[in-house]
Amino acid sequence: MPKAMQYTKGSIVYFSGDKDERIFILQKGIFVLTSLDIETNQPVTEQVKDGEFFGVKSALGHFSREETATAITDSVAVVLTVPEFEQIFSGNSQVIMKMLRVFSNQLRQVHKKTESILNNTAEDQQTGMIAVAKSFYDDEQYLSCCDVCTRFLALYSDTPEKEEVTKLYADAKLRNDKTNVKKGTVDIPSEEDESAGALKQFSLPAFERFAKQYNPGNVIICEFEPGDCFYLIQSGKVQLVKCVNGAKKNLDILKPGEFFGEMAILDNSPRSATCVAIGNVKCLGFNKENFELLITGNPQIAIILLKLFCKRIYDQKRRFRILAIKDLQARLADVFLMFDEMNPPQNPGDKQRKFSVTMADLAHWAGLSPETTRDEVNKFTEKRKLEVYDNYMIVANIADMKRIVDTRAGIILQK
């Protein structure tokens, strides 16, 4: 059962870096949360008000605390475990919606900082969508290019760029048709066995009216377009991509049971990424109007969405920490540390690590050009810290990478 705990002035409930899955609700008093700004490495404080939660993201996301929680005055806080939180608040749509909007805003802010550090700012939504279409064309993904052009023309029928986009669509369609004639339409079977991981409550016949089917290469949502619905994958996989300075970058691959597109309908903002069907995909689509009704009628979905936001905020901050490192060797070393965190070894005592990563992947995660990445990687290979192959790389000693980050990245951040 949740307990009301008393904390004297100056008490530290938890430290940054702690593994602690408790959730707190401040009843009386003042708490401050202190963390380090990723870019400046300077302390940042946030005051918790009566009735507010703290410790939620790290608890639900199962990652280390990012802040230190300190009682500024004698205080009282209710302490809950994650199961207790889920049991008590999963049915409280008002609290859940408030949290979802707060997390959505936090994720959006991290996105903006990441865009800024990559110098990736589109002039407007129209310019952004045209860049997305061209990036698919340049990568010879002509069906995806056609889909983006079609969406653009439907949204902006009177724009001066209409003629340009119409020509791009016609050329992409011609090339796509020729490709299909020569090679045959690609038809990758959807992985029905994986759909067992989708949420059981969506298997009811009542949800079939929300079902949508997509063929390989179809664009489900497009970066920069207005967002009016979100999706749950029932079968197949979906590739998340982002247009960075005119080039298409792969972000993630989503599997059955995962949501996407939910951020835009919570904060009325344009889409932040493009989602493309890998093989045949079946999704359930929910719009803004029935979103809150869906949350209210299906409490478990609300908890799943909260956990999803927690994970995405953490992942995006992790990416941003890499990009904030000025020293290029330390930045690349931190990419390998991130890969190690994402795929922990069976035997943590092993020093050597093998990562299924290419030079292009490394350049993407480090936010560097292929040429710069290759030059910096050569410095690692010359010192025998790294072996590079076509489809994978071997880090000789992962502890060496951590030492590089701890020393060289720390020096740069403190300047």
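Look up a bit, the structure's there.
Read on for an overview of the structure.

### Things to note about the overall build of the chain
Across its full length, the chain carries 13 helices and 17 strands. Relative to the globule expectation of 22 Å for 415 residues, the C-alpha radius of gyration of the chain, 23 Å, shows essentially globular dimensions. Overall size of the chain, expressed as C-alpha extent along the three principal axes, is 75 × 60 × 45 Å. For the chain, the proportion of contacts with a sequence separation of at least 24, taken over those separated by at least 6, is 76%.

### Remarks on the sheet that holds strand 5 (residues 43–48)
In any sheet, the strands associate via hydrogen bonds between backbone groups, in a parallel or an antiparallel arrangement. With respect to topology, 4 strands assemble into an open sheet ordered 2-7-4-5, the strand pairing being antiparallel. A strand with exactly one partner marks an edge of an open sheet, and here the two such strands are strand 2 (12–14) and strand 5. Neighbour to neighbour, the strand axes of the sheet diverge by 25 degrees on average, direction disregarded.

### Some remarks on the sheet that holds strand 1 (residues 3–7)
An order of 1-8-3-6 is seen for the 4 strands of this open sheet, with the pairing classed as antiparallel. Both outer strands of the open sheet, strand 1 and strand 6 (53–54), are each paired with one neighbouring strand and no more. Where strand 3 (residues 23–28) lies against strand 8 (residues 75–80), 5 bridges are found, and the strand directions are antiparallel. Looking across to strand 8, one finds that Ile 23 is bridged to Leu 80. The strands touched by helix 2 (residues 82–89) within the sheet are strand 3, strand 6 and strand 8, with strand 8 carrying the most contacts at an inclination of about 90 degrees.

### Overview of the nonpolar core
Counting 39 residues, the largest nonpolar core has Leu 60, Phe 85, Leu 100, Phe 291, Ile 295, Leu 305 and Leu 306 as its most contacted members. The greatest single-element share of this core, amounting to 9 residues, is contributed by helix 9 (residues 299–323). What Leu 306 contacts, discounting residues up to four positions off in sequence, is Leu 60, Phe 85, Ile 96, Met 99, Leu 100 and Phe 103. Counting residues in hydrophobic clusters, the runner-up holds 26 residues, among them Ile 325, Leu 337, Met 338 and Val 405.

### Let's talk about the packing of helix 9 against helix 10 (residues 328–342)
Their axes nearest at 8 Å, the elements helix 9 and helix 10 cross at an angle of 155 degrees. What the angle tells us is that helix 9 and helix 10 run roughly antiparallel. For the pair helix 9 and helix 10, contact is made by Tyr 314, Arg 318, Arg 321, Ile 322 and Leu 323 and by Arg 331, Asp 334, Val 335, Leu 337, Met 338 and Glu 341, respectively. Tallied by class, residues from the contact of helix 9 with helix 10 come to 6 nonpolar, no polar and 5 charged.

### Some remarks on the packing of aromatic side chains
If you walk through the whole model with that rule in mind, you get 18 aromatic pairs. Ring plane angle 90 degrees and centroid distance 6.0 Å describe the contact between Phe 53 and Phe 85, whose orientation is recorded as edge-to-face. One end of the pair, Phe 53, is in strand 6; the other, Phe 85, is in helix 2, and 32 residues separate them in sequence. Looking at Phe 53, the relative accessible area reads 23%, which means it is partly exposed. A network of ring pairs unites the aromatic residues Tyr 7, Tyr 14, Phe 24, Phe 31 and Phe 54 as a single cluster. Here Arg 65 stacks its cationic end above the ring of Tyr 14, 3.9 Å away from the centre of that ring. Across the ring face of Tyr 392, the terminal group of Lys 354 is positioned such that the distance to the ring centre comes to 4.3 Å.

### Some words on the pattern of salt bridges
All chains considered together, the criterion is met by 21 salt bridges. With a shortest N-O distance of 2.7 Å, Asp 315 and Lys 311 are connected by a salt bridge. One end of the pair, Asp 315, and the other, Lys 311, are both in helix 9, 4 residues apart, so they sit about a helical turn from each other. What makes Asp 315 partly exposed here is its relative accessible area of 35%. Exposure remark for Lys 311: the relative accessible area of 46% places this residue in the partly exposed category. Salt bridges here are not isolated pairs; linked through shared partners, they connect Asp 20, Arg 22 and Arg 65.

### With respect to unusual backbone geometry
Of note in the backbone geometry, Asn 41 takes a positive phi value of approximately 65 degrees without being a glycine. Here Asn 41 is to be found in the loop between strand 4 (31–36) and strand 5.

### What to know about the pairing of strand 7 (residues 68–71)
Side chains of strand 7 alternate between two faces, with Thr 68 and Thr 70 and Ala 69 and Ala 71 buried alike. Of the pairings in the sheet, the one linking strand 2 to strand 7 comprises 2 bridges and is antiparallel in character. The residue of strand 7 that forms the bridge with Ile 12 is Thr 70. Pairing of strand 4 with strand 7, which is carried by 4 bridges, proceeds in the antiparallel orientation. Following the sheet pairing, Thr 34 is matched in strand 7 by Thr 68.

### Looking at the packing of helix 11 (residues 359–366) against helix 12 (residues 370–382)
The contact between helix 11 and helix 12 brings their axes to 9 Å, and the two run at 105 degrees. Viewed along their axes, helix 11 and helix 12 adopt a mutual orientation that is roughly perpendicular. Residue-level inspection shows Met 359, Leu 362 and Ala 363 of helix 11 in contact with helix 12, the latter providing Pro 370, Thr 373, Arg 374 and Val 377. In the contact of helix 11 with helix 12, the residues fall into 5 nonpolar, 1 polar and 1 charged.

### Notes on helix 10
Under the 1.5 Å per step criterion, the end-to-end length of helix 10 is 21 Å for 15 residues, consistent within 8% with the ideal 21 Å. Here helix 10 lies mainly inside the structure; 12 of its 15 residues are buried. Between a side-chain oxygen at the N-terminus of helix 10 and the backbone nitrogen of Gln 329 the separation is 3.2 Å; the capping residue is Asp 327.

Scoring rules and cut-offs
Residues numbered from 1 in each chain as written. Predicted model: local features only at pLDDT ≥ 70, side-chain atom pairs only at ≥ 80, totals over all residues. Heavy atoms only, no water. Helix = DSSP H or I, 4+ residues; strand = E, 2+ residues; numbered from the N terminus. Rg over C-alpha atoms; globule rule 2.2 N^0.38 Å. Contact = heavy atoms within 4.5 Å. Pairing = 2+ DSSP bridges. Axes fitted to C-alpha atoms, helices over the stretch in contact; angles between N-to-C directions. Core = buried A, V, L, I, M, F, W, Y, C linked by side-chain atoms within 4.5 Å. Buried < 20%, exposed > 50% of the residue type's maximum accessible area, 1.4 Å probe, protein only. Parallel < 35°, antiparallel > 145°, perpendicular 65-115°, else oblique. Nonpolar A, V, L, I, M, F, W, Y, C, P; charged D, E, K, R; others polar. Phe/Tyr/Trp six-rings, centres within 6.5 Å; stacked < 30°, edge-to-face > 60°. Lys NZ or Arg CZ within 6 Å of the ring centre and 35° of its normal. Salt bridge = Lys/Arg side-chain N within 4 Å of Asp/Glu carboxyl O. Expected span 1.5 Å × (residues − 1). Polar contact = N/O pair within 3.5 Å; in protein donor to acceptor, adjacent residues only side chain to side chain.

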